[in-house]
Amino acid sequence: MRVILNVSGIPLRPEPPIEKGYGIERRYFTLKGQEIRPDQFRQNERYIVKLSLKDHLKRQARLLVVDPLPAGLEIENAAIGGAANTEGFAFLGELFSPENSEARDDRFVAALDYTPNDRRPALTLAYVVRAVTPGTYTHPAAIIEDMYAPENFGRTGFGEAEIAPFTNAARP
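The notes below deal with the structure included here. Keep in mind that what you see is a predicted model, and the values were worked out from it rather than measured.

Some points on the nonpolar core
Then comes step 1: Grouped together as the largest cluster of nonpolar side chains are 30 residues, with contacts concentrated most on Phe41, Leu51, Leu53, Val65, Leu112 and Leu125.
Then comes step 2: Looking at this core, the elements that each hand over two or more residues are strand S2 (22-30), strand S5 (46-55), strand S6 (61-68), strand S7 (73-77), strand S9 (107-114), strand S10 (124-131) and strand S14 (159-164).
Then comes step 3: Ignoring any residue separated from it by four or fewer positions in sequence, one finds leucine 112 in contact with Leu53, Ala61, Arg62, Leu63, Val65, Phe96, Pro98, Glu99, Leu123 and Leu125.
Then comes step 4: In terms of nonpolar packing, the next biggest core, distinct from the first, is built from 7 residues, Phe29, Leu95, Ala126 and Val128 among them.

In structure tokens form, the structure reads like this:
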């Protein structure tokens, strides 16, 4: 007799960050370069999302980076781009140019051909979002994985994002 058991569900608590060969860190900045926390978003403001990737394996790989957005944020510009397009954003440092990047409705996706000893910049990606809808939202984890060896991956922790409503301080 053969039995196959499938189990699915939603974790009771947010999953912690994990690094199994690769790591990923997500940070938010104002357009002037000031770092902010995900609970400091303000409606109608734009922010830069900086994804710093870590390679613990030091080997050639085809990497996929997926950064799901919390509800309330929308991607404004698919990617800031390589070093040539970071004028005014020197605080980001030199950025890695992915082979492909997509700004979907609910996530940023980038595919990278990575060789650890080539002369390209550090594994850093960036894109711009706009805080659109006020509220408190679940913030999904960003993920990096080797497309041909998915057991090698990393993810950020899950969390919350908060967008404060727009206030016009100039009004009487």
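Moving on from the model shown.
Re the packing of aromatic side chains
Then comes step 1: The final tally for this structure, using the stated rule, is 6 aromatic pairs.
Then comes step 2: With centroids separated by 5.3 Å and ring planes inclined at 45 degrees, the aromatic side chains of phenylalanine 29 and phenylalanine 91 adopt a geometry described as tilted. Remark: phenylalanine 91 occurs in the loop between S7 and strand S8 (100-103) and phenylalanine 29 occurs in strand S2; sequence separation between them is 62 residues.
Then comes step 3: On the numbers, 4.3 Å between centres and 10 degrees between planes, the contact of phenylalanine 108 with tyrosine 127 is stacked. Of this pair, phenylalanine 108 sits in strand S9 while tyrosine 127 sits in strand S10; the two residues are 19 residues apart in sequence, bridging distant segments of the chain. As far as burial versus exposure is concerned, phenylalanine 108 and tyrosine 127 are alike and both buried.
Then comes step 4: A network of ring pairs unites the aromatic residues Tyr28, Phe41 and Tyr47 as a single cluster.

What about the sheet that holds strand S1 (residues 18-20)?
Then comes step 1: The strand order S1-S13-S12-S6-S9-S8 describes an open sheet built from 6 strands, whose pairing is antiparallel. Since the sheet does not close on itself, it has two edges, and those belong to S1 and S8, each with one partner. Sheet twist, expressed as the mean angle between neighbouring strand axes with direction ignored, is 20 degrees.
Then comes step 2: Bridging between strand S12 (residues 143-146) and strand S13 (residues 149-155) involves 4 bridges; their strand directions are antiparallel. Bridging from a neighbouring strand, glutamate 145 pairs with phenylalanine 153 of S13.

Looking at the pattern of salt bridges
Then comes step 1: Applying the stated rule across the entire model yields 11 salt bridges.
Then comes step 2: A salt bridge links glutamate 15 to arginine 155; the nearest nitrogen and oxygen atoms lie 3.4 Å apart. Taken together, the positions of glutamate 15 in the segment before S1 and arginine 155 in strand S13 put the pair 140 residues apart, joining distant regions of the chain.
Then comes step 3: Looking at glutamate 15, the relative accessible area reads 31%, which means it is partly exposed.
Then comes step 4: Of the residues examined, arginine 155 reaches a relative accessible area of 18% and is grouped as buried.
Then comes step 5: Note that aspartate 67 and arginine 26 form a salt bridge whose closest N and O atoms lie 2.4 Å from each other. Of the two residues, aspartate 67 is situated in strand S6 and arginine 26 in strand S2; the sequence distance between them amounts to 41 residues.
Then comes step 6: Assessed through its relative accessible area of 15%, arginine 26 is described here as buried.

Cut-offs and rules
Position numbers for residues start from 1 in each chain and track the written sequence from start to end. Local features are withheld for residues below a pLDDT of 70 in this predicted model, meaning they are given only at 70 or higher, and side-chain atom pairs are given and counted only at 80 or more; totals for whole chains, interfaces and linings count all residues. Side-chain numbers come from the whole structure's heavy atoms, not from hydrogens or water. The definition of a nonpolar core used throughout is a set of buried Ala, Val, Leu, Ile, Met, Phe, Trp, Tyr and Cys residues joined through side-chain atoms within 4.5 Å. Buried, partly exposed and exposed residues are distinguished by accessible area as a fraction of the type maximum, computed with a 1.4 Å probe on protein chains only: under 20%, between the cut-offs, and over 50%, respectively. Where helices and strands are cited, they refer to DSSP runs of H or I of at least four residues and of E of at least two residues respectively, numbered from the N terminus. Pairs of residues are marked as contacts when any of their non-hydrogen atoms sit within 4.5 Å. When the centres of two rings from Phe, Tyr and Trp lie within 6.5 Å, Trp using its six-membered ring, the rings pair. Their planes under 30 degrees apart give stacked, over 60 give edge-to-face, and anything left gives tilted. Each pair of strands is called paired provided DSSP finds at least two bridges between the two strands. Lines fitted to C-alpha atoms define the axes, with helix axes restricted to the stretch in contact, and inter-axis angles between N-to-C directions lie between 0 and 180 degrees. By salt bridge we mean one thing: a side-chain nitrogen of Lys or Arg within 4 Å of a carboxyl oxygen of Asp or Glu.

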